[in-house]
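# Commentary on secondary and tertiary structure
Spelled out, the chains give:
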Amino acid sequence: MAAASYLPSEDQFLCSICLDVFTDPVTIPCGHNFCKDCITEHWDRSDKYLCPMCKKEFNTRPELHVNTFISEMVAQFRQSAQQKDSSSSSSEQQVFKPGEVPCDVCTETKLKALKSCLVCLTSYCETHLESHLKMSGLKRHQLIDPLENLEDRMCPKHDKPLELFCKTDQTCVCRLCTVSDHKMHDVVPLKEGYERKKAELWKTEAETQQMIQKRQLKIQEIKRSVDLSEKEADREITEGVQVFTALKESVERNLNELIQTIVDKQNMRMKRAEDFIKELEQEISQLKKRSSVAEHLSRSEDHLHVLQGVQSLNIQHPSLTKDWTKVSIPPSSYEGTVVRAVVQLEDTLSLEMKKLIEAELKRVQKYAVDVSLDPHTAHPRLILSRNGKQVSDGEVRKNLPDNPERFSDWNCVLGNQSFSSGRFYFEVQVKGKTEWYLGVARRSINRKGAITLSPENGYCTIHLKNGNEYNASDAPPVLLSLKSQPQKVGVFVDYEKGLVSFYDVDAAALIYSFTRCSFNGKIYPFFSPGLQYGRKNSAPLIITPVN
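These lines cover the structure that appears in this document, whether it is placed above or below. (Residues numbered from 1 in each chain as written. Predicted model: local features only at pLDDT ≥ 70, side-chain atom pairs only at ≥ 80, totals over all residues. Heavy atoms only, no water.)

### What about the pattern of salt bridges?
- Using the criterion set out here, one finds 22 salt bridges in the structure.
- Ionic pairing is found between Arg45 and Glu41, a salt bridge with its closest N-O pair at 4.0 Å.
- Residue classification places Arg45 among the partly exposed positions, given a relative accessible area of 48%.
- A salt bridge links Lys167 to Asp186, with the nearest nitrogen and oxygen atoms 3.5 Å apart. A residue pair is termed long-range when its members are at least 10 positions apart, and Lys167 in the loop between strand 8 (164–166) and strand 9 (171–173) and Asp186 in the loop between strand 9 and strand 10 (187–189) qualify at 19 residues. (Salt bridge = Lys/Arg side-chain N within 4 Å of Asp/Glu carboxyl O. Buried < 20%, exposed > 50% of the residue type's maximum accessible area, 1.4 Å probe, protein only. Helix = DSSP H or I, 4+ residues; strand = E, 2+ residues; numbered from the N terminus.)

As structure tokens, this is what we get:
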């Protein structure tokens, strides 16, 4: 009875392998006690059968049997410890509420768990947690904030705690898994696996944050682009409204002037006709009076009265001698009136168009870039200036390396600068030349053998031939009708829109625009001074600064 009332200390019931209270304690021949699973796993991983405590070696693997005495003592110890914990006051602790983790030890009123033990896989309230805070063996257990479903931390196959991490299969395992399904695998303690994974998570988190920042910057870039696009759209609308309002007012003004001219001519003729009619009516009135007097005199028998009356009649109406046969009101002639009005309107439209092109040219000149010539692409006939700004035909083919970048048959050259996005603009002086080619070309163009200039082949160019024949190398080619010969040509490219426009800089006139170009990669400025025939077409193409 005295032995039954004796409660040994906790250290007497701790397994020296797992450092926890015995589970199914067994005694090996040297007298030391261990958990049955612990000593079994220890010998499974070892080539020799040694005691973990005294290192005594056994020739054959000892047969293990549960020590019923120690097992009963452990059970009695656990029950006594739980009763002691249950007897502690819990009046100040919070009662478990829905949504909270309850204490797994409380039997009657479930209290709110304060911690969960990852070794015991049990959640404890403040009272029942006391043993983990005081007992030396339990102090080594890992306590965390309360968690539900701690059974998920048990190996479903061996019903043992998942306390190891298999790096080979990237999964959590128990100790028995290392001698069965995960034998010979790279297995580390759960903490080590956790630390490595946490380091990877930190790296992933940093990379993720960097990706988030890049995308946030991209959002800001897109928003700025949209804002800029809206501003450009508003500006275009404003300018369009101004231009078309001016054109509308000009059309209305010309129409009103045309109508007023016609009306004035008609009113003038009507006034003249009215004056003639009034004068005729007055003469008719006088003639009627004269006719009446003449009739009266013709009936008189008085010789003297008749003669005196006739003489008086002629003296009183001298204006009746006017010859009306040559008087007429010819119909109004309006030939050329409408034509002159339309010509005047056309002049107004041309003036407004010139203003628009000037404004547009100023806008695209803001995208000016510094372009120079790439000697590695130049045909052997070409002569390039030292600063890379001028090119002319030298008539004689130089002995140069036939590198892949160099044009072999066509005397042309590309710019040093490449573009794969955005907008850019440059100007080239073509003064004094009778033949030249300008534009842009894709990086993938064929540079060997014969070349056909067209957008399909990677070229968007315009050119001059025979001194006065301008063409755009579109599909099909377009013959250009220019009012004047350009002395300086501006080239503007909007990569995203697939737009290539050419301008007569001095005349502020649009020469031609390629639309819907498909670049698909880098593009380069393209130049060809044409062939030189003696002194004819000897002037160079000159890349000039943009003012």
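After that view of the structure, there is still more to cover.
### What to know about the sheet that holds strand 7 (residues 143–144)
- In spatial order, the strands read 6-5-7; together these three strands make up an open sheet with antiparallel pairing. Strands with a single pairing partner mark the edges of an open sheet, and in this sheet they are strand 6 (122–124) and strand 7.
- Bridge count for strand 5 (residues 115–117) against strand 6 is three bridges, and the pairing is antiparallel. Residue pairing in the sheet places Ser116 in a bridge with Ser123 of strand 6. (Pairing = 2+ DSSP bridges.)

### Description of the side chain of Asn411
- Topologically, Asn411 is positioned in the loop between strand 12 (390–393) and strand 13 (413–414).
- The exposure class of Asn411 is buried, given its relative accessible area of 8%.
- In this structure Asn411 touches His379, Leu382, Asp393, Ser528, Pro529, Gly530 and Leu531, once residues within four positions along its chain are discounted. (Contact = heavy atoms within 4.5 Å.)

### Quick notes on the sheet that holds strand 10
- Strand order across the open sheet formed by three strands is 9-8-10, with antiparallel pairing between neighbours. Each end of this open sheet is capped by a strand with a single partner; those strands are strand 9 and strand 10. Sheet twist, expressed as the mean angle between neighbouring strand axes with direction ignored, is 35°.
- Bridge analysis of strand 8 against strand 10 gives three bridges, and the strand direction is antiparallel. Considered in strand 10, the bridge of Cys166 is made with Val187.
- Of the strands in this sheet, strand 8, strand 9 and strand 10 are in contact with helix 5 (residues 190–298), which crosses strand 10 at around 95°. (Axes fitted to C-alpha atoms, helices over the stretch in contact; angles between N-to-C directions.)

### With respect to the packing of aromatic side chains
- One pass over the structure, following the stated rule, counts 15 aromatic pairs.
- Both rings, one in Phe426 and one in Phe527, keep their centres 5.8 Å apart while their planes meet at 55°; by these two values the pair is tilted. One end of the pair, Phe426, is in strand 14 (residues 423–429); the other, Phe527, is in strand 22 (residues 523–528), and 101 residues separate them in sequence. A single burial state applies to Phe426 and to Phe527, both of which are buried.
- Look at Tyr495 and Phe519: their rings are 5.1 Å apart centre to centre, the planes differ by 35°, and that puts the pair in the tilted class. Placement of the pair is Tyr495 in the loop between strand 19 (488–494) and strand 20 (499–504) and Phe519 in the loop between strand 21 (509–514) and strand 22, with a sequence separation of 24 residues. Of the two residues, Tyr495 and Phe519, both sit in the buried class.
- Taken together, Phe419, Phe424, Phe426 and Phe527 form an aromatic cluster joined through their ring pairs. (Phe/Tyr/Trp six-rings, centres within 6.5 Å; stacked < 30°, edge-to-face > 60°.)

Purely spatial values, then, with no claim about function.
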